[in-house]
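The lines below spell out each chain.
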Amino acid sequence: MRFSQQNLGVALLGALSVFVGSEQVNAQQRAIINPSFEQFAPGYTPPANFEFTSDENIVGWNSTGPGPVGTTGGFIELWRNDNIDVPSDDGDYFVELNGESAVRLAQEVCLIEGEDLTWAYSHRARAGADGAPQQVRFDAQALVGSDRQVFDTSSLPEPRTNEDGTWAQRSGSTVFNAPTGIYDVGFESLTGSNRGNFLDNISFVPAPLAEFAAATSQGSELTGANLPEILISGVVGETSTITLVITGNTATAGVDFTIDNTTITVPPGTYDGSSAASRFAIPITIINDAVVEGDETIDVSIQSITSAGAPSTRLKVGDIQCAGPAQSTSTYTIVDASPEIEIETSNGDVVIADGGTDVQGSQTPGTPQTITYTISNTGEDTLTIGGTPTISGETNIDGPVIVSAPGSLSLTPGQTTTFTVTFTTLAEGQFGFDIDVASNDADESPYDIAVSGVDIDVIEDILTDDLTQTTMILSGHVSTISRRAADRLRVNSGQVCGNEINELLRARPVQFATDSYFIDARNDALLDRITQILNECDSSRFLIEGHTDSDASDSYNLTLSQNRVNQVRAALIRRGIADQRLQTRGYGERRPIATNATEQGKALNRRVAFVLLDGSDAPVAQSCDAGGAPRGYLEGGGTNQGARLTGNFASQADSCATGTHTETWGDLDITHDADRGTLGVASFGMSRDRQANGILRGRFIEGYLSKNDVETDNATGTITGFGIHGGLYASRGTAGGLILSYYGSAAVGQHSFELDVGADVDGNYTYAGVFAGGSVGGESDWGTLSVKPRVGVDVAYAEAIGSEISVANVELSIDPATYARAFVELGLSQDTRNGVLDFAPRAFCETDDDVDAEPCGFGAAFAYETHADTHGAQWRFGVDYEAVDDRQSASVRAARSRRIFDNRGVTRSTVSATDTGALQAGQTVTFAW
């Protein structure tokens, strides 16, 4: 077993490559590792004779050889010493290159253009191959591109027996003349046989390389740590000397550092390019000059390397990462060891930056308040405090601000001391003063803190107003959802009556005797209920259909079904249903809804059904099982006191099979008030309801995002929020033809604020709210006069259930938002020859958190709207009057609308004026497609 010193170094380099693991991040592989196939992956047991094994089990090596059937990846045929009379050349194991086929066995190695290389390997032929010479090529192939350099080709005749064979020791040296890069260095069989070409005792040694570990590094002048280091990678054959050039850039030699030597000696050995043994620090010493002068730098470069021995073991400057030029220079920064002052307040233990603000809450005038501040030295040198802090810029302060001297004026690194500030406010509201702390921290002397007292009441009022506005908006949303549901109940009552009757008939069919069409007393209760339902939609007309099974002839079944529905019609007329509202038709067996092959199917086919024909209360906009046309509008207007932009996009769908109505929508509402600021709310939601037995029941859920730009005399800033709102609603008809609607819902949300109230303050609050309401309304037509009365109430309550604010030791007190509104409305519309006259008197009581507001009032609106002309244009003129206690207001309005988008939309332009002289202009676009 022959291990030269050079081969031993290669083996050690391979071992280091395995065991340094993740530390070897700065260097690429620079030699063949595991040269005699003696190192194995953890958990792998090598064979007693030979076996095909994955190349993952043989450290360092990659194979192109296919494995046994059913396996994947590269495989190597590993032999043990003296297996089939073949001894190893080095160690206990060797490999056969031609295992099952001709393969390539190699490793990825970093090679430098122009460097000296030495190599050696042992090659042996195997008996029992195909009789041809057994050949291998030793080369380096670029991983990217086509660059290749061949080092050697070996050809051996096939021996008669394995005992007759011998190992051929091949060796040589060369200069690598391909471009620098990562190469696949290894052996490739030039023999097509599935046997032969044993390999062992491989050595491939490029020249060792040296370069700086990093282009820059730094350390404190107190410790002089992290000095620049030179990394060595490879096998150094003889003692080598690296000569350096060390110059002070902004640092001064002899003052900031000393040069201990200008050379580094590298002993012979194997270096992996990353471990501590492969690192050589620059021979300089950093001096702590105790002067605050800022950071300074030193430049270091490799001037030359003197190295003896074989060319391939001579140390040279090179890129260990094999990625570009070598790092032959480095800059070291001496971090000035200076004190570092930091001050925090006892109110919440918050660090106040130099030039920062210590925000305090409202104080009681005439009551002294004391704040304790802690001074820390977070630097690396002694901090000297320049006496008692000074006070300036007092605002709304009664008498002098009293400052205590710090407990210590000299702080070593990590030490702290405290001082107190005691003050008394003169009056309520904002107050403030500045604190200056002098020290030897050159960057932060004096250390300035602005103490600023904010009026918490201002913040609480703004947040209360924000909560109130949010509550009123959500109350309006659910009230609108409930009102739309009531309108649908009125509009769809004819269809609902038909659906309700058919559901009743499916559960309790009209019973006839076999082959008979006479109705007996068993059906009285059923017919009474159908009569009641028909009376709920007295303007609708229905077709009564009769159907049979297929047991008799077609003509017989037609006659039987017609006679049966005639009897149903007669029974309903006797109960008071107008005969012109009911038609009949018998279809016999011609319209089955199930198979007639089973008794269950026949029972389903024997049925009576009601089909809506027409009626003023029948749906006209859409049909069942179809989605309504998406619709939307955008409306904007403004005065000299503010502006508002609203928008909506919605779609809807109805299903006759389930009787459900589904709507999805998105709303936008942006309001600007000159006294409050701008509030924008975007919401999106879905509702679903179903009508049965004259009652509509539904549920909804919506989410919203809001932004409130606050602009008041005392504050500016923004409040952003999000929340979710959901609930239930219902509508039902009454005996007098009125529609009763009611709802209940709940909401939760969180709003975050950033306000400037003399100082910057931020935080958030979380709220929960409940909403309820109901109304009764209806519609009655007296000739050309339409009367629509409506009375109702809406109530809402929301409360902040949690809050945070950046002011220390302050808990927000946000008033609950309460909102209630009761109203009575009467809509009168009279058709005329050229248009429609509208008159709408109203009375209301409304209250919110504004305790000064008068809660009740009355008003009326009068308008005239022309019929559309041939161009689809209409005019509307109106007057509105309102009185609340002794306060009265009036306005006039004119609007012109016309159809656009090929009659799929309407645009309306509006101008109005009030009795106070305020003018308003608006534009609305409504569309559907």
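So, here's what we can say about the structure. (Residues numbered from 1 in each chain as written. Predicted model: local features only at pLDDT ≥ 70, side-chain atom pairs only at ≥ 80, totals over all residues. Heavy atoms only, no water.)

In a disulfide, the sulfur atoms of two cysteines are covalently bonded to one another. Scanning the model with the defined rule gives two disulfides in all. At a sulfur-sulfur separation of 2.3 Å, the disulfide partner of Cys110 is Cys322. On the sign convention where negative means left-handed, the S-S torsion of about 95 degrees between Cys110 and Cys322 marks this disulfide as right-handed. Separated by 212 residues along the polypeptide, Cys110 in strand S5 (residues 104-111) and Cys322 in the loop between strand S22 (316-317) and strand S23 (329-335) bring together distant segments of the chain. Residue classification places Cys322 among the buried positions, given a relative accessible area of 10%. Each sulfur in the disulfide pair Cys845 and Cys856 lies 2.0 Å from the other. An S-S torsion of about 110 degrees defines the bridge between Cys845 and Cys856 as right-handed. (Disulfide = S-S within 2.5 Å. Helix = DSSP H or I, 4+ residues; strand = E, 2+ residues; numbered from the N terminus. Buried < 20%, exposed > 50% of the residue type's maximum accessible area, 1.4 Å probe, protein only.)

Moving on, we get to the environment of Thr660. Assignment of secondary structure puts Thr660 in strand S41 (residues 660-673). Residues Thr660 and Arg690, 30 residues apart in the sequence, show an inter-C-alpha distance of 4.4 Å. Beyond its immediate chain neighbours, meaning those up to four positions away, Thr660 contacts Ala653, Asp654, Ser655, Arg688, Asp689 and Arg690. (Contact = heavy atoms within 4.5 Å.)

Read from one edge to the other, the open sheet built from five strands follows the order S2-S5-S10-S7-S8, with strand pairing classed as antiparallel. Where the open sheet ends on each side, the last strands, each with one partner, are strand S2 (62-63) and strand S8 (148-156). As paired elements, strand S7 (residues 134-142) and strand S10 (residues 181-189) share seven bridges and run antiparallel to each other. Considered in S10, the bridge of Val136 is made with Ser189. (Pairing = 2+ DSSP bridges.)

What follows deals with the pairing of strand S46 (residues 760-777). Pairing analysis gives 18 bridges linking strand S45 (residues 739-756) to S46, with the strands arranged antiparallel. For Leu755, the partnering residue across the bridge sits in S46 and is Val761. Connecting S45 to the antiparallel partner S46 that follows it, the hairpin turn spans three residues, and Gly758 within it adopts a positive phi of roughly 95 degrees. By the bridge criterion, 15 bridges tie S46 to strand S48 (residues 785-805) in an arrangement that is antiparallel. Following the sheet pairing, Gly774 is matched in S48 by Val793.

Our next topic: helix H5 (residues 554-574). The end-to-end C-alpha distance of H5 is 31 Å, a good match for the 30 Å that 21 residues give at a rise of 1.5 Å each. All of the buried residues along H5 are Asn557, Leu560, Ser561, Arg564, Val565, Val568, Ala571 and Leu572. Here the buried residues of H5 occupy an arc of 125 degrees about the axis, which is enough to place them on one side. Seen from the buried face of H5, the exposed residues on the opposite side, beyond 90 degrees, are Ser555 and Arg574. Downstream of H5 by one or two residues, Gly576 has phi in the positive range, about 110 degrees. (Expected span 1.5 Å × (residues − 1). Arc of directions from axis to C-beta.)

Spatially, S1-S3-S4-S11-S6-S9 is the arrangement adopted by the six strands of the open sheet, whose pairing is antiparallel. This sheet does not close on itself; its edge strands, each paired only once, are strand S1 (50-54) and strand S9 (168-175). This sheet shows a mean twist of 35 degrees between the axes of neighbouring strands, independent of strand direction. (Axes fitted to C-alpha atoms, helices over the stretch in contact; angles between N-to-C directions.)

With an omega of 0 degrees, the peptide bond between Ser445 and Pro446 qualifies as cis. Of note in the backbone geometry, Asp85 takes a positive phi value of approximately 65 degrees without being a glycine. With relative accessibility at 45%, the residue Asp85 sits in the partly exposed group. Even without a glycine there, the phi angle at Asn197 is positive, about 65 degrees. Along the chain, Asn197 turns up in the loop between S10 and strand S11 (198-206). Residue classification places Asn197 among the buried residues on the basis of a relative accessible area of 0%.

Val454, Ile459, Phe753, Val761 and Ile805 are the most contacted members of the largest nonpolar core, which has 45 residues in total. Among the secondary structure elements, those contributing two or more residues to this core are helix H2 (456-491), strand S42 (677-692), strand S43 (695-711), strand S44 (716-733), S45, S46, S48 and strand S49 (817-831). With twelve residues, the single largest contributor to this core is H2. When neighbours within four sequence positions are excluded, Val761 is seen to be in contact with Val359, Val454, Ile459, Phe753, Glu754, Leu755, Ile805, Ser806 and Val807. If you look at the next biggest cluster of nonpolar residues, it comprises 30 residues, including Tyr93, Leu117, Ala140 and Tyr183. (Core = buried A, V, L, I, M, F, W, Y, C linked by side-chain atoms within 4.5 Å.)

Turning next to a negative patch on the surface. A surface patch of negative charge is lined by Glu428, Asp457, Asp461 and Asp815. Glu428 sits in the exposed class, given a relative accessible area of 68%. (Patch = residues over 30% accessible without salt bridge, like charges linked within 9 Å, V, L, I, M, F, W, Y side chains within 5 Å. Areas by Shrake-Rupley, 256 points an atom, 1.4 Å probe, with all protein chains shown as cover. Salt bridge = Lys/Arg side-chain N within 4 Å of Asp/Glu carboxyl O. Lys, Arg positive; Asp, Glu negative; His and termini not counted. Charge placed at Lys NZ, Arg CZ, Asp CG, Glu CD.)

This paragraph deals with helix H4 (residues 524-535). Between its first and last C-alpha atoms H4 spans 17 Å; for twelve residues at 1.5 Å apiece the expected length is 16 Å, and the two agree. Of the residues making up H4, those classed as buried are Leu526, Leu527, Ile530, Thr531, Ile533 and Leu534. Buried residues along H4 cover an arc of 160 degrees about the axis, so they all sit on one side.

Glancing now at the pairing of strand S35 (residues 541-547). When a strand is regular, its side chains alternate between the sheet's two faces. Most of S35 sits inside the fold, with six of its seven residues counted as buried. Relative to strand S36 (residues 582-588), S35 is paired through six bridges, and the arrangement is parallel. Considered in S36, the bridge of His547 is made with Gly588. Regarding the hand of the β-α-β motif, the stretch spanning S35, H5 and S36 is right-handed. (Right-handed = clockwise from strand over helix to strand, strands pointing away.)

Note on aromatic pairs: each is described by the distance of the centres and the angle between the planes. For the structure on display, the rule yields 25 aromatic pairs. With a centroid separation of 6.4 Å and 55 degrees between ring planes, the pair formed by Phe858 and Tyr881 is classed as tilted. Here the residue Phe858 occupies a position in strand S51 (residues 856-866), and Tyr881 occupies one in strand S52 (residues 873-884), the gap between them amounting to 23 residues. Here Phe858 falls in the partly exposed class, since its relative accessible area comes to 48%. The partly exposed category is assigned to Tyr881, whose relative accessible area is 32%. The rings of Trp119, Tyr121, Phe138, Phe151, Phe187 and Phe204 are connected pair by pair, giving a single aromatic cluster. (Phe/Tyr/Trp six-rings, centres within 6.5 Å; stacked < 30°, edge-to-face > 60°.)

Such coordinate-based values are descriptive only and should not be taken to indicate function.
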